[in-house]
Structure formats: C-alpha cells, structure tokens
Amino acid sequence: MEPLEILECSPPLARAPLDAARAAAVARVFKALGDPVRLRIVSIVASHAGGEVCVCDITGAFDLSQPTISHHLKVLKDVGLLTSERRASWVHYRLVPETLGELSALLGVPAVA
C-alpha cells in the first residue's frame, strides 16, 4: 500500500472527521515532517533548481554523519514524501508532489467570513 493512498478518498478535515486508519496514515507523514532535520531536507529538495538534489548536496548542508542523513532520507521515502534515483555512485532525490498535495488538500479549511 502506498503511504498516503488512503487519503485519495478522504474529505478535508472541515467536512468529516478522519477514521482511525486515515488518521494513522496521515500521522506517519506528519511525524516524519515533525523532525527539524527531515523538514530541512524536504525544504532543500523543494527549493533546489529543477526540483532534484544529489545526496551529496543534502549531506553537505548538515553537521551530521552520512548514516544519520541516510536514515532521515529513508524515513521520508517510506512515508512517500521523497523518491530517489541512483545515477552512477550518487543518489538523487525528488519530492513526490502528489503526497504534498494530499496533505494540503486534507488541511484545506474554508475561510470563515
């Protein structure tokens, strides 16, 4: 099952409460984003020209070991926020726009007049 596949049919929070399964799936993604390092990684990838960044550029932005960065990248991939592609000896990361779109749609609350 895709990490946020169950959100495809979920209504925005303002229309109906989430059931337990949907809440658990969404919570996994927000938990991943709740870590400052992972939030910065998503920001680095999102703001990089072309929407893609080499792992070497991500690691260089932190004062953390390579295994620690790899762990954070794995968490972000596991929840469906990032995808990767190996090219020679480097891995390149991209955001999964559908996942961010689903989160955005879920949190979309109509303005109160």
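Now for a quick tour of the structure. Not measured: the values here are computed from a predicted model.

This next bit is on the pattern of salt bridges. One side chain can pair with another of opposite charge once the charged atoms of both are near each other. Tallying each qualifying case throughout the model produces 5 salt bridges. With its nearest N and O atoms 2.8 Å apart, the salt bridge here joins Glu52 to Arg87. Of this pair, Glu52 sits in strand β1 (residues 52-54) while Arg87 sits in strand β2 (residues 82-87), placing them 35 residues apart in sequence. For Glu85, the salt bridge is made with Arg87, and the minimal N-O distance between the two is 3.3 Å. Overall, Arg87 belongs to the partly exposed group, its relative accessible area being 32%.

Moving on, we come to the nonpolar core. In terms of nonpolar packing, the biggest core is built from 26 residues, with Ile41, Val45, Ile58, Leu73, Leu82 and Tyr93 touching the most fellow members. Among the secondary structure elements, those contributing two or more residues to this core are α1 (20-33), α2 (36-47), β1, α3 (55-59), α4 (66-78), β3 (90-95) and α5 (97-107). Of all the elements, α2 adds the most residues to this core, at 5 residues. Discounting residues that sit within four places of it in the chain, Leu73 has contacts with Ile41, Val55, Ile58, Leu82 and Tyr93.

Polar side-chain contacts of Glu52 include one of 2.8 Å to the side chain of Arg87. If we skip the residues at most four places from it in the chain, Glu52 touches Val45, Arg87, His92, Tyr93 and Arg94.

Attention now moves to the packing of α1 against α5. Between α1 and α5, whose axes approach to 12 Å, the crossing angle comes to 110°. Between α1 and α5, the crossing angle belongs to the class labelled roughly perpendicular. Contacts between α1 and α5 involve Val26, Val29, Phe30 and Leu33 from the former and Leu103, Leu106 and Leu107 from the latter. Broken down by class, the residue content of the contact of α1 with α5 amounts to 7 nonpolar, no polar and no charged.

Mapped onto the secondary structure, Gly50 falls in the loop between α2 and β1. On the basis of relative accessible area, Gly50 is assigned to the exposed category, the value being 63%. Placed 44 residues apart in sequence, Gly50 and Arg94 show a C-alpha to C-alpha distance of 9.2 Å.

Another aspect to go through is the environment of Gly51. The residue Gly51 is located in the loop between α2 and β1 in this model. Residue classification places Gly51 among the partly exposed residues on the basis of a relative accessible area of 25%. Each residue touching Gly51, except ones within four places of it in the same chain, is listed here: Val45, Tyr93, Arg94 and Leu95.

Scoring rules and cut-offs
- Residues numbered from 1 in each chain as written.
- Predicted model: local features only at pLDDT ≥ 70, side-chain atom pairs only at ≥ 80, totals over all residues.
- Heavy atoms only, no water.
- Salt bridge = Lys/Arg side-chain N within 4 Å of Asp/Glu carboxyl O.
- Helix = DSSP H or I, 4+ residues; strand = E, 2+ residues; numbered from the N terminus.
- Buried < 20%, exposed > 50% of the residue type's maximum accessible area, 1.4 Å probe, protein only.
- Core = buried A, V, L, I, M, F, W, Y, C linked by side-chain atoms within 4.5 Å.
- Contact = heavy atoms within 4.5 Å.
- Polar contact = N/O pair within 3.5 Å; in protein donor to acceptor, adjacent residues only side chain to side chain.
- Axes fitted to C-alpha atoms, helices over the stretch in contact; angles between N-to-C directions.
- Parallel < 35°, antiparallel > 145°, perpendicular 65-115°, else oblique.
- Nonpolar A, V, L, I, M, F, W, Y, C, P; charged D, E, K, R; others polar.

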